[in-house]
Amino acid sequence: MESPPPATASPGAPTAHPGSIVGILAFAGIVAALTQTLVVPLIAQLPTLFDTSASNASWVITATLLAAAVSTPVAGRLGDMYGKRRMLLVSLVPLILGSVVCALSSSVIPMIAGRGLQGLGMGVVPLGISLLRDVVPTEKLGPSIAIMSASMGVGGALGLPFAAAIAENTSWRVLFWVVAVLALAVGALILALVPADRPATAAAGRFDLPGAIGLGAALIALLLAVSKGADWGWGSATTLTLFAAALILLPTWGWWELRLSDPLVDLRVTARPQVLMTNTASVLVGFAMYAQSLVVPQLLQLPEATGYGLGRSMLAMGLWMAPAGLMMMAMSPVGAKLSAAKGPKVTLAVGSLLIAAGYGLSVPLIGSGSPWSLLIVTLVCNSGVGFAYGAMPALIMSAVPQSETASANSFNALMRSIGTSFAAAVIGVVLARMTTDFGGIPLASENGFRVAMLIGCGVGLAAAVVAALIPVRTTKTPLQPAAAAPDAPQPSPAKA
């Protein structure tokens, strides 16, 4: 079965050259990713700015993580039901509102609320990737997906120097006003130039509200325990209760989803070997991607007197990290060509090996006294991330029906997010346990950073092994829908 042609706009509907559509959607992804690193330069200042404790201020980051995890699969399902372009525009609304609330905040509670609203807009990237399948010609789909996927790294990398420069030279509120204006510009461009997709008939049905609530509750319990466990204590009653709640809620949610003809996430499709193993690799790649983002900035900023720190400012650190994000964008066409020639499975495996190689290079380079050595590490790692992030949506979309593209991509994005959350927890524990005394202040030791990077290397290798084992059926085109797969569930009478 051939891939369906891109959606054709009705008379009077917006339309643009495919390259312009990809550029607009990539711009949307960059703006969404900016919000994730926007507050990094402000973390140390937040308790003073809002007259609160460091523990309370940390919720400014946690709120975005939780809101994004809960909203991403919901946005994907609604995108399949009502149109991906429409849900893209809807997702921009809380992103804009949240930015305005943060810009106007004078205490920590509205700041946390604003950051939560920003997190609700994180479905922009998987929705944009899914929309490409409907509005971009098949022959341009692979490179377009790779570019859109790379936008996450570009936005995250550029966010650091951008935020640091603004925070050092003007009011921190300007950061959020700029994001609000950029998100408004994205919405205007989508309205004017991006054609609407056609919601698939097979996706019609009732929205699974109990499933959305159940998954949201399970994810909040799990991610709260993972992200706050170090602060609360891994053996504390609160942390253990949250882990226990997640262990109960997730199987219960799965049982509920399997009973429905219109589930929030079609677990039968998710259980297909190609989708299941791609999602497993996504967790590992998300972990491996994020680990170096936790280690390298600290090495760049720690005092030179430690013997391994490089004593750079926040702005300088951001500038040294920025090329790695741009490398993701530069490598995306290369990854797309490799996927076209050998298949996205090979690209994912190669990308994972590149990530592992970057971490391996870092072990002898830590303590070299040169930021150039760390730049090489981040460039190699992010080259691999660019390959992997472009390959994962292609693998997912070639294994799911057209009617479930957005839902499946959003679930895959959630898997990557879970991987980054576990990376933060694991690397945080390693660096907190392996410390050295520096003038009476405990700092992460040189060996601690090496162990953290070795963990990243091991996880990258594990991702490569999983990628190599992904069973991919031979198809005429790498993004051919898998609706006719022999193991595909037959439509229920309600959908027929």
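Before reading on, note that the structure itself is shown above.
Residues numbered from 1 in each chain as written. Predicted model: local features only at pLDDT ≥ 70, side-chain atom pairs only at ≥ 80, totals over all residues. Heavy atoms only, no water.

### Some points on the overall build of the chain
Within the chain, the secondary structure is distributed over 18 helices and two strands. Its C-alpha atoms give the chain a radius of gyration of 22 Å, within 12% of the compact-globule value 23 Å for 496 residues. The principal-axis extent of the C-alpha atoms belonging to the chain is close to 70 × 45 × 45 Å. For the chain, the proportion of its 496 residues judged to be buried stands at 55%. For the chain, restricting intrachain contacts to residue pairs at least 6 apart in sequence, the fraction spanning at least 24 positions comes to 81%. By element, 69% of the accessible surface of the chain is carried by carbon and sulfur atoms, the whole surface being about 19,200 Å². Measuring between centres, the 24 positive side-chain charges of the chain sit 6 Å from its 17 negative side-chain charges. (Helix = DSSP H or I, 4+ residues; strand = E, 2+ residues; numbered from the N terminus. Rg over C-alpha atoms; globule rule 2.2 N^0.38 Å. Buried < 20%, exposed > 50% of the residue type's maximum accessible area, 1.4 Å probe, protein only. Contact = heavy atoms within 4.5 Å. Areas by Shrake-Rupley, 256 points an atom, 1.4 Å probe, with all protein chains shown as cover. Lys, Arg positive; Asp, Glu negative; His and termini not counted. Charge placed at Lys NZ, Arg CZ, Asp CG, Glu CD.)

### What to know about the state of the cysteines
The tally for this structure, following the rule as stated, stands at zero disulfides. As a non-bridged cysteine, Cys457 has Cys381 as the owner of its nearest cysteine sulfur, 9.0 Å distant. (Disulfide = S-S within 2.5 Å.)

### A closer look at the pattern of salt bridges
In this structure the tally under the stated criterion is five salt bridges. Residue Asp231 pairs with Lys228 through a salt bridge whose shortest N-O separation is 3.6 Å. With Asp231 and Lys228 both in helix α10 (residues 209-232) and three residues apart, this pair spans about one turn of that helix. Take Asp231: its relative accessible area is 53%, and that puts it in the exposed class. Among the residues examined, Lys228 registers a relative accessible area of 1% and is labelled buried. Sharing partners across several salt bridges, the network here consists of Lys84, Asp134 and Asp197. (Salt bridge = Lys/Arg side-chain N within 4 Å of Asp/Glu carboxyl O.)

### Quick word on the environment of Thr252
Structurally, Thr252 is set in helix α11 (residues 237-259). What makes Thr252 partly exposed here is its relative accessible area of 44%. Put simply, Thr252 and Gly211 are 41 residues apart on the chain and 9.7 Å apart in space, counted from C-alpha to C-alpha.

### Looking at α11
Here α11 is 23 residues long and its end C-alpha atoms lie 33 Å apart, about the 33 Å a rise of 1.5 Å per residue gives. Of all the positions in α11, only Thr239, Leu242, Ala246, Trp253, Gly254 and Glu257 are classed as buried. Elements in contact with the buried residues of α11: α10, α12 (267-270) and α17 (405-433). (Expected span 1.5 Å × (residues − 1).)

### Brief notes about the packing of aromatic side chains
Per the counting criterion, the structure on display carries four aromatic pairs. Summarising the aromatic geometry, the rings of Phe50 and Trp172 are spaced 5.6 Å apart at their centres and angled 80° between planes, so their arrangement reads as edge-to-face. You can see Phe50 sitting in the loop between α2 (46-49) and α3 (54-57) and its partner Trp172 sitting in the loop between α8 (141-169) and α9 (173-193), a full 122 residues away along the chain. We classify Phe50 as buried; its relative accessible area is 7%. In this structure Trp172 comes out as buried when scored by relative accessible area, which is 11%. (Phe/Tyr/Trp six-rings, centres within 6.5 Å; stacked < 30°, edge-to-face > 60°.)

### Remarks on the packing of helix α13 (residues 273-301) against helix α15 (residues 344-365)
Contact pair α13 / α15: the axes reach a minimum separation of 11 Å and the direction vectors enclose 30°. On the basis of the axis angle, α13 is roughly parallel to α15. The interaxial crossing formed by α13 with α15 has left-handed handedness. Between α13 and α15, the contacting residues are Ala281, Val285, Ala288, Met289, Ala291 and Gln292 on the first element and Leu348, Ser352, Ile355 and Tyr359 on the second. Residue composition of the contact of α13 with α15, by class: eight nonpolar, two polar and no charged. (Axes fitted to C-alpha atoms, helices over the stretch in contact; angles between N-to-C directions. Parallel < 35°, antiparallel > 145°, perpendicular 65-115°, else oblique. Left-handed = near helix turned anticlockwise from the far one by under 90°. Nonpolar A, V, L, I, M, F, W, Y, C, P; charged D, E, K, R; others polar.)

### Points about the nonpolar core
One finds Leu348 and Phe449 to be the most contacted residues of the largest nonpolar core, which totals 109 residues. Broken down by element, the residue count for this core peaks at eleven residues, all from helix α16 (residues 371-397). Sequence-distant contacts of Leu348, defined by excluding residues within four places in its chain, comprise Ala281, Val285, Ala388, Ala391, Met392, Leu395, Ala467 and Ile470. In terms of nonpolar packing, the next biggest core, distinct from the first, is built from 17 residues, Val39, Val60, Leu175 and Phe176 among them. (Core = buried A, V, L, I, M, F, W, Y, C linked by side-chain atoms within 4.5 Å.)

### Some words on helix α18 (residues 446-468)
Given a rise of 1.5 Å per residue, 23 residues ought to cover 33 Å, and the 33 Å separating the end C-alpha atoms of α18 matches this to within 8%. Structurally, α18 contributes buried residues whose contacts are with α13, α15, α16, α17 and β2 (441-444).

### Comments concerning the pairing of β2
Where strand β1 (residues 435-438) and β2 come together, four bridges link them in antiparallel fashion. Within β2, the residue paired with Phe438 across the bridge is Ile441. Hairpin connection from β1 to β2: two residues lie between these consecutive antiparallel strands, with Gly439 at a positive phi of about 60°. (Pairing = 2+ DSSP bridges.)

### Some remarks on unusual backbone geometry
Its identity is not glycine, yet Asp51 carries a phi of approximately 50°, on the positive side. Looking at the element boundaries, Asp51 is found in the loop between α2 and α3.

### Remarks on the side chain of Ser383
Mapping Ser383 onto the fold places it in helix α16. A polar contact is formed between the side chain of Ser383 and the backbone oxygen of Leu379, at a distance of 2.7 Å. With sequence-adjacent residues up to four places away left out, Ser383 is seen in contact with Met327, Met331 and Leu354. (Polar contact = N/O pair within 3.5 Å; in protein donor to acceptor, adjacent residues only side chain to side chain.)

### Quick look at the packing of α17 against α18
Axis separation between α17 and α18 bottoms out at 8 Å; the angle between their running directions is 155°. Taken as axis vectors, α17 and α18 run roughly antiparallel relative to one another. Along this stretch, α17 crosses α18, giving a crossing that reads as right-handed. The residues of α18 that touch α17, namely those facing Val426, Ile427, Val430 and Leu431, are Gly448, Phe449, Val451, Ala452 and Ile455. Per-class residue counts for the contact of α17 with α18 are eight nonpolar, one polar and no charged.

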